[in-house]
Amino acid sequence: FFCCFMSTYRGYYEGLRNMTPTAISQVVEALGKLVIGLLLAKLVVSTGIGQYEAGMKYYKGSGQGYTKNRSKAFRLFKEAAEAGLDEAMLQLSKMYALGEGCVKDYKESFKWLERAANNKGNIEAQYLLGRETYLVLLQRWYIQLLMHGVLIVNTYFLLKGEKYYNENVGAE
């Protein structure tokens, strides 16, 4: 409604070849959109935070009417994660990995872990994502072969260096 009114206002003054009211109306419209956008963003974030906090109470069973209920906590964490809260994304990832309140699903767990790490730079999520990626990488045969080769080369030089030390330096 607001934008339609402002467009009509602009059109009237453009027809009169007076551009000052048109410029003012564009600034007012942009500010109106900005304020409404910020208010809606605050509403979504505060709703997500409230859902996350309620989810933690159900997850831990922290009294005051909140008995331990992992499936209810899972649902609340999912709603908060979909609202963009990275802590909820991380908790949801952990619950998918452990099968708490849901069916175990490693792909979903990894997906939410990635989202948490990339969302706002959640440090714990970034650490876990790096560790998981490293562990997946270690399962590949050529990486295992490379690691064994490095171990053999290091052992060889360690033993050769000990022999050199005992023969030349340790004799003094």
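A quick note: this is a predicted structure, and the numbers were derived from the prediction, not measured.

## Re helix 3 (residues 70-82)
In an α-helix, one full turn covers 3.6 residues, which means residues spaced three or four apart are oriented alike.
Thought 1: The terminal C-alpha atoms of helix 3 lie 18 Å apart, and with 13 residues this matches the ideal 18 Å at 1.5 Å per residue to within 8%.
Thought 2: For helix 3, every residue scored as buried is listed here: A73, F74, L76, F77, A80 and A81.
Thought 3: Among the residues trailing helix 3, G84 stands out with phi positive, at a value near 105°.

## Quick notes on the nonpolar core
Thought 1: Of all hydrophobic cores here, the largest spans 26 residues; its most connected members are Y52, F77 and L92.
Thought 2: Listing elements by their share of this core, those giving two or more residues are helix 2 (19-60), helix 3, helix 4 (86-98), helix 5 (106-119) and helix 6 (123-138).
Thought 3: With sequence-adjacent residues up to four places away left out, F77 is seen in contact with Y52, G55, M56, Y59, A88, Q91, L92 and M95.

## Observations concerning helix 4
Thought 1: For helix 4, which comprises 13 residues, the first-to-last C-alpha distance of 19 Å matches the rise-based estimate of 18 Å (1.5 Å per residue) to within 8%.
Thought 2: Those residues of helix 4 that sit buried are D86, A88, M89, L90, Q91, L92, S93, M95 and Y96.
Thought 3: Downstream of helix 4 by one or two residues, G99 has phi in the positive range, about 70°.

## Focus on the side chain of Q51
Thought 1: If you trace the backbone, Q51 turns up in helix 2.
Thought 2: Taking the relative accessible area as the measure of exposure, Q51 reaches 17% and is therefore buried.
Thought 3: Here the side chain of Q51 touches E79 through a polar contact of 2.8 Å, side chain to side chain.

## Thoughts on the packing of helix 3 against helix 4
Thought 1: For the pair helix 3 and helix 4, interaxial distance at closest approach is 8 Å and the crossing angle is 140°. Taken as axis vectors, helix 3 and helix 4 run oblique relative to one another. Pair helix 3 / helix 4 crosses with left-handed handedness. Residues R70, A73, F74, F77, K78, A80 and A81 of helix 3 pack against A88, M89, Q91, L92, M95 and Y96 of helix 4.
Thought 2: Per-class residue counts for the contact of helix 3 with helix 4 are 10 nonpolar, 1 polar and 2 charged.

Calculation rules
Residues numbered from 1 in each chain as written. Predicted model: local features only at pLDDT ≥ 70, side-chain atom pairs only at ≥ 80, totals over all residues. Heavy atoms only, no water. Helix = DSSP H or I, 4+ residues; strand = E, 2+ residues; numbered from the N terminus. Expected span 1.5 Å × (residues − 1). Buried < 20%, exposed > 50% of the residue type's maximum accessible area, 1.4 Å probe, protein only. Core = buried A, V, L, I, M, F, W, Y, C linked by side-chain atoms within 4.5 Å. Contact = heavy atoms within 4.5 Å. Polar contact = N/O pair within 3.5 Å; in protein donor to acceptor, adjacent residues only side chain to side chain. Axes fitted to C-alpha atoms, helices over the stretch in contact; angles between N-to-C directions. Parallel < 35°, antiparallel > 145°, perpendicular 65-115°, else oblique. Left-handed = near helix turned anticlockwise from the far one by under 90°. Nonpolar A, V, L, I, M, F, W, Y, C, P; charged D, E, K, R; others polar.

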